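Examining the three-dimensional arrangement
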Amino acid sequence: MRDANILGIESSCDETAAAVVRSGEQIASNVVFSQIAMHQPYGGVVPELASREHLRAIVPVVRKALADAGQSYQSIDAIAVTQGLGLAGALLVGISYAKALAFSLDKPLIAVNHLEGHIHAVLLEERRKGNHELRFPVLALVVSGGHTHLYLAKQESNSWSYQNIGHTRDDAAGEAFDKVAKLLGLGYPGGPIVDKLSAHGDPHAVKFPPPQLKHRDRNDRNAARTYDGPRFDFSYSGIKTAVLRYVETHNMQASIAERRKALLAITLPRFEDYLSHSDKQMLDLVASFQRAVVEDLAGKTLAAARAYDVATLFVTGGVAANQELRQQFEQDAAREGLSVYFPSRPLSTDNAAMIAAAAYPKFLAHDFAPMDFSAEAGMVLK
Ligand code: KG4
Ligand code: ZN
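Residues numbered from 1 in each chain as written. Chains lettered and ligands numbered in written order. Predicted model: local features only at pLDDT ≥ 70, side-chain atom pairs only at ≥ 80, totals over all residues. Heavy atoms only, no water.

Attention now goes to the packing of aromatic side chains. Per the counting criterion, the structure on display carries eight aromatic pairs. Where F177 meets F289, the ring centres are 5.2 Å apart and the plane angle is 75°; that geometry is what we call edge-to-face. With a gap of 112 residues between them, F177 in helix α5 (residues 173–183) and F289 in helix α10 (residues 280–307) connect regions that are remote in the sequence. Members of the aromatic cluster, connected to one another through ring pairs, are F136, Y151, W160 and Y162. Above the face of the F373 ring, K99 is positioned so that its terminal group lies 5.1 Å from the ring centre. (Phe/Tyr/Trp six-rings, centres within 6.5 Å; stacked < 30°, edge-to-face > 60°. Helix = DSSP H or I, 4+ residues; strand = E, 2+ residues; numbered from the N terminus. Lys NZ or Arg CZ within 6 Å of the ring centre and 35° of its normal.)

This brings us to unusual backbone geometry. Cis geometry is found at the peptide bond from G84 to L85, where omega equals -10°. In this fold, L85 is placed in the loop between β4 (78–84) and α3 (88–105). Despite not being glycine, S23 shows a phi value in the positive range, around 50°. Mapped onto the elements of the fold, S23 is located in the loop between β2 (15–22) and β3 (26–34).

Now for the site of ligand 1. Taken together, 20 residues sit near ligand 1, with G145, D178, G191, D195 and D350 positioned nearest. For ligand 1, an oxygen atom lies 3.3 Å from a polar atom in the side chain of H114. At 2.9 Å from an oxygen atom of ligand 1 is found a main-chain nitrogen or oxygen belonging to G145. Relative to its unbound accessible surface of 560 Å², ligand 1 loses 90% to contact with the protein. Judged by its atoms lying within 2 Å of the grid points, ligand 1 is housed in the largest pocket. Elements supplying a minimum of two residues to the shell around ligand 1: α4 (114–128), α5 and α6 (191–198). (Near = heavy atom within 4 Å. Polar contact = N/O pair within 3.5 Å; in protein donor to acceptor, adjacent residues only side chain to side chain. Areas by Shrake-Rupley, 256 points an atom, 1.4 Å probe, with all protein chains shown as cover. 1 Å grid on protein atoms, 1.4 Å probe; cavity = no way out; pocket = protein on both sides within 12 Å on 5 of 7 lines; lining within 4 Å. Sits in = over half its atoms within 2 Å of the grid points.)

Here we come to the nonpolar core. Counting 54 residues, the largest nonpolar core has L186, F289 and F329 as the members making the most contacts within it. Looking at this core, the element that brings in the most residues is α10, giving 13 residues. Leave out the neighbours within four places in its chain, and L186 touches A181, I193, L197, R259, L263, Y274, M282 and V286. Core analysis: the second largest hydrophobic core is formed by 27 residues, V20, I58, V62 and A65 among them. (Core = buried A, V, L, I, M, F, W, Y, C linked by side-chain atoms within 4.5 Å. Buried < 20%, exposed > 50% of the residue type's maximum accessible area, 1.4 Å probe, protein only. Contact = heavy atoms within 4.5 Å.)

Before going further, it helps to spend a moment on α4. The terminal C-alpha atoms of α4, which comprises 15 residues, lie 21 Å apart, in line with the 21 Å expected from a rise of 1.5 Å per residue. Burial of α4 is extensive: 13 of the 15 residues sit out of reach of the surface. Two residues or fewer past α4, G130 is found with a positive phi of approximately 90°. (Expected span 1.5 Å × (residues − 1).)

So, about the coordination of the zinc ion (ligand 2). Protein ligation of the zinc ion (ligand 2) involves H114 (NE2), H118 (NE2) and D350 (OD), the donor distances falling in the range 2.0 to 2.1 Å. Here the donor residues of the zinc ion (ligand 2) are spaced in sequence according to H-x3-H-x231-D. A residue pair is termed long-range when its members are at least 10 positions apart, and H118 in helix α4 and D350 in the loop between α12 (345–348) and α13 (353–364) qualify at 232 residues. In this pair, the class of H118 matches that of D350, namely buried. (Donors = N, O, S within 2.8 Å, 3.2 Å for Na, K, Ca; no water.)

With that settled, consider the packing of α4 against α13. When two helices pack together, you describe them by how their axes are tilted relative to each other and by the distance separating the axes. One way to put it is that α4 packs onto α13 with a least axis distance of 7 Å and a crossing angle of 90°. As judged from the angle between their axes, α4 and α13 are roughly perpendicular. Mapping the contact onto sequence places H114, E116, G117, H118, H120, A121 and L124 in α4 and A353, M354, I355, A357, A358, P361 and K362 in α13. Considered class by class, the residues forming the contact of α4 with α13 number eight nonpolar, four polar and two charged. (Axes fitted to C-alpha atoms, helices over the stretch in contact; angles between N-to-C directions. Parallel < 35°, antiparallel > 145°, perpendicular 65-115°, else oblique. Nonpolar A, V, L, I, M, F, W, Y, C, P; charged D, E, K, R; others polar.)

Below, the discussion takes up the layout of surface pockets. Vacant regions in the atomic arrangement are exposed by a probe of water-molecule size rolled over the atoms. A volume near 1300 Å³ is recorded for the largest pocket. Listing elements by their share of the lining of the largest pocket, those giving two or more residues are α4, β7 (148–156), α5, α6 and α12. Among the elements that make up the lining of the largest pocket, the one with the highest residue count is α5 (six residues). Among the residues making up the lining of the largest pocket, the classes are represented as 14 nonpolar, 21 polar and 12 charged. (Points joined across faces, edges and corners; volume = space filled by probe spheres on them.)

A few words now on the sheet that holds strand β5 (residues 109–113). Ordered by their spatial adjacency, five strands build an open sheet running β3-β2-β1-β4-β5, and the pairing between neighbours is mixed. The strands lining the two open edges of the sheet, one partner per strand, are β3 and β5. On average, each strand axis in the sheet is tilted by 20° relative to the strand beside it, whichever way the strands run. Note that strand β1 (residues 5–10) and β4 share four bridges and pair parallel. Across the sheet, the residue bridging to G8 is A80, located in β4. Sheet strands touched by α4: β1, β2, β3, β4 and β5. Its angle to β5, the strand with the most contacts, is close to 100°. In this fold α13 packs onto β1, β2, β3, β4 and β5, with an angle of close to 115° to the strand it touches most, β5. (Pairing = 2+ DSSP bridges.)

Right, here's the structure in full:
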């Protein structure tokens with residue numbers, strides 16, 4: 001197999017990232033410039049600001065990725081970039097720059113689906129550890145701020161294909177973490193802080209009913225409806241509303257307003273600051289919320305694994321960084337005799353190493369993008 005240094009570029013949401021990965025298995029560099037601090041005062045990602053920030057960051061971030069890897073523009077073998085899913089304006093910054101580089105350097109250009117990147121983050125992690133054995137069929141749960149998808153992943157030679165067998169019908173799991181955190185005055189993004197605070201609360205204090213799939217599927221465009229087997233869809237908007245109702249019926253508004261004000265007054269709050277502004281009622285609520293989401297994600301994924309008789313589970317995307325989620329999956333997979341793999345935490349959240357890794361099989365297959373391809377905000381993974 002041909003060795004190749006691929007420069008990956010990722011700008012789909014609020015991270016400007018570039019990385020050089022050698023032959024899909026060695027990370028020569030991995031630079032992530034996070035815009036979180038800039039979006040924090042708005043309580044979420046502001047698309048226009050994200051595009052502007054990507055424009056500012058893209059050149060220095062790519063330059064640093066090349067320098068860290070000891071590579072030059074000339075020495076890399078190909079340029080890979082996220083084509084979708086994501087914010088159209090944000091994606092266009094990465095794509096335009098990748099095209100300009102590919103054109104001026106006369107290098108192949110490879111377009112990568114962001115979700116495929118998350119799946120290949122797991123493969124990259126395992127190859128880095130020297131694990132080249134993979135038992136198929138593989139079921140991948142991609143769980144992040146924008147996505148909660150279940151894919152059966154197949155490999156034939158250098159070609160990977162994916163069948164969607166489940167997705168969220170409304171909010172993504174990470175989105176629910178973010179909305180609940182915002183609601184409780186914990187700021188943005190919510191996942192990491194809810195993860196840490198949950199360890200200090202009682203996960204059985206508040207009972208949430210299991211998510212019901214009653215309403216229409218508002219994310220249908222994200223699924224490739226080519227497969228007739230059983231489906232395992234998710235829904236997380238109900239639990240977010242249940243948290244809101246709990247807050248209202250338990251008169252938590254005043255303490256939330258105080259917490260929000262106190263945390264806003266601290267420039268970069270540390271975990272101790274969050275903890276010292278949390279009371280038992282709030283800690284029990286976040287722990288119970290997290291438990292309910294983790295139980296649902298693991299329960300549905302394991303049910304899908306049984307239905308499709310898979311041998312291996314991948315759990316990836318920002319929410320895969322969650323401590324309780326990892327423990328739950330490890331426990332459930334061991335019970336069912338399945339192998340379960342996660343990316344390391346830096347590879348779980350958005351990065352460009354996963355884009356460069358996903359591009360390597362396409363590089364070997366000469367699956368190059370034409371110069372006129374464009375961003376696809378709702379790109380389907382097939
Ligand atoms: O994959 P990612 O970086 O971006 C998207 O593609 O969306 O995921 C970001 C999401 C956010 O919703 C964030 O709150 C969540 O992942 N997240 C977590 C944790 N770390 C990040 N959720 C739960 N526990 C965590 N430790
Ligand atoms: Zn992502």
